[in-house]
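Commentary on secondary and tertiary structure
Listed here are the chains, written in short residue letters.
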Amino acid sequence: NAGVTQTPKFQVLKTGQSMTLQCAQDMNHEYMSWYRQDPGMGLRLIHYSVGAGITDQGEVPNGYNVSRSTTEDFPLRLLSAAPSQTSVYFCASGYIAGVLDEQFFGPGTRLTVL
Amino acid sequence: DAKTTQPPSMDCAEGRAANLPCNHSTISGNEYVYWYRQIHSQGPQYIIHGLKNNETNEMASLIITEDRKSSTLILPHATLRDTAVYYCIVSYSGGYQKVTFGTGTKLQVIP
């Protein structure tokens, strides 16, 4: 199993550009989520999904969209990037929503918005 | 979810036990204590969790006080590879909970 994969690993955007951060898992997990981590800060939940076709907002959802058309994929979309969205983005998946001993994290995407 | 308080940083000599404290005075009866760690900006990694009783696995031990208001993660023989940020999180098990990680404790293992 590849586990949780994220692409790209690094990305630089200009203000106003759009992009999609990809996340995929091959463990047949129902639960997937996106976090952001700013320098010197903990992880904050952006959006999460408890299954295909079901998504919900986390702590900091503004500026981000998600969709879950398949169990395997959970892309995160930035429609109009802002410098405040410069961060490291982590995707996670698990069998059960919110059960932390079942959560597996990807390697992260480091995003810089100029 | 209950809030947790951890020291921002700690040092530990290689080969010695690392004891990382966590206060969670507002924990409710059915909330678990979880520990994760994050090595050098990699994705967080699950370590251990518990409800009331002390727990041990191949990575660490978790000691929870009788009143459940605090806990200690113990790495019995710290190595340089244990240098990481350690997060203590309190959360319900199961259900659609939105989990947030705090700022954790930066553990530096010294040769």
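This text follows the structure it describes.
To start, this report covers the structure provided alongside it. (Residues numbered from 1 in each chain as written. Chains lettered and ligands numbered in written order. Predicted model: local features only at pLDDT ≥ 70, side-chain atom pairs only at ≥ 80, totals over all residues. Heavy atoms only, no water.)

**Here's the deal with the overall build of chain B**
Looking only at helices and strands, chain B has zero helices and nine strands in total. When the elements of chain B are put in sequence order from the N terminus, they spell out β-β-β-β-β-β-β-β-β. In terms of C-alpha radius of gyration, chain B reaches 13 Å, essentially the compact-globule figure of 13 Å for 111 residues. For chain B, the C-alpha atoms occupy an extent of roughly 40 × 30 × 25 Å along the three principal directions. Looking at chain B residue by residue over its 111 residues, the buried ones come to 42%. For chain B, long-range pairs separated by at least 24 residues make up 57% of all intrachain contacts whose partners lie at least 6 apart in sequence. Of the accessible surface of chain B, which amounts to about 5,700 Å², a share of 48% is contributed by carbon and sulfur atoms. With 9 positive and 9 negative side-chain charges, chain B shows a separation of 4 Å between the mean positions of the two kinds. (Helix = DSSP H or I, 4+ residues; strand = E, 2+ residues; numbered from the N terminus. Rg over C-alpha atoms; globule rule 2.2 N^0.38 Å. Buried < 20%, exposed > 50% of the residue type's maximum accessible area, 1.4 Å probe, protein only. Contact = heavy atoms within 4.5 Å. Areas by Shrake-Rupley, 256 points an atom, 1.4 Å probe, with all protein chains shown as cover. Lys, Arg positive; Asp, Glu negative; His and termini not counted. Charge placed at Lys NZ, Arg CZ, Asp CG, Glu CD.)

**Comments concerning the nonpolar core**
Residue and element names in this part refer to chain B. Core analysis: the biggest nonpolar cluster contains 21 residues, and Trp35, Leu73, Tyr86 and Leu107 have the highest contact counts within it. Elements with a minimum of two residues in this core: strand S2 (18–23), strand S3 (31–38), strand S4 (45–50), strand S6 (61–64), strand S7 (70–75), strand S8 (84–92) and strand S9 (105–110). No other element matches S8, which puts four residues into this core. Ignoring anything within four residues of it in the chain, the contact list for Leu107 reads Met10, Asp11, Cys12, Ala18, Leu20, Leu75, Asp82, Thr83, Ala84 and Tyr86. (Core = buried A, V, L, I, M, F, W, Y, C linked by side-chain atoms within 4.5 Å.)

**Things to note about the packing of aromatic side chains**
Tallied over the entire structure, the rule returns 10 aromatic pairs over all chains. Measuring from centroid to centroid gives 6.2 Å for Tyr32 of chain B and Tyr34 of chain B, while their planes differ by 40°, and the two rings are tilted. By relative accessible area, Tyr32 of chain B is classed as partly exposed at 24%. Looking at Tyr34 of chain B, the relative accessible area reads 0%, which means it is buried. Here the aromatic cluster, defined as three or more aromatic residues joined through ring pairs, consists of Tyr35 and Phe105 of chain A together with Tyr36, Tyr46, Tyr87 and Phe101 of chain B. (Phe/Tyr/Trp six-rings, centres within 6.5 Å; stacked < 30°, edge-to-face > 60°.)

**Examining the pairing of S4 of chain B**
All names here are of chain B. The sheet contact formed by S3 and S4 spans five bridges and is antiparallel. What sits directly across from Tyr34, in S4, is His49. Between S3 and S4, which follow one another and run antiparallel, lie six residues, and His40 among them has a positive phi close to 45°. (Pairing = 2+ DSSP bridges.)

**Considerations on the sheet that holds S6 of chain B**
What holds strands together in a sheet is hydrogen bonding between their backbones, with the strands either parallel or antiparallel. Residue and element names in this part refer to chain B. One open sheet accounts for four strands, arranged S2-S7-S6-S5; its pairing is antiparallel. Unpaired on one side and paired on the other, S2 and strand S5 (55–56) mark the two borders of the sheet. In this sheet, S7 lies alongside S6 in antiparallel orientation, the contact comprising four bridges. Directly across from Ile63, in S7, lies its bridge partner Thr72.

**Here's the deal with the sheet that holds strand S1 (residues 9–13) of chain B**
Residue and element names in this part refer to chain B. Pairing in this open sheet of five strands is mixed, and the strands run S1-S9-S8-S3-S4 from one edge to the other. If you trace the sheet from one side to the other, it starts and ends with S1 and S4, each paired once. Adjacent strand axes in the sheet meet at a mean angle of 25° when their direction is disregarded. (Axes fitted to C-alpha atoms, helices over the stretch in contact; angles between N-to-C directions.)

**Considering unusual backbone geometry**
Residue and element names in this part refer to chain A. Along the chain, Thr7 connects to Pro8 via a cis peptide bond; the corresponding omega equals -5°. By the element assignment, Pro8 lies in the loop between strand S1 (4–7) and strand S2 (10–13). Phi is positive for Asn28, close to 60°, though the residue is something other than glycine. Relative to the elements of secondary structure, Asn28 occurs in the loop between strand S3 (19–25) and strand S4 (31–37).

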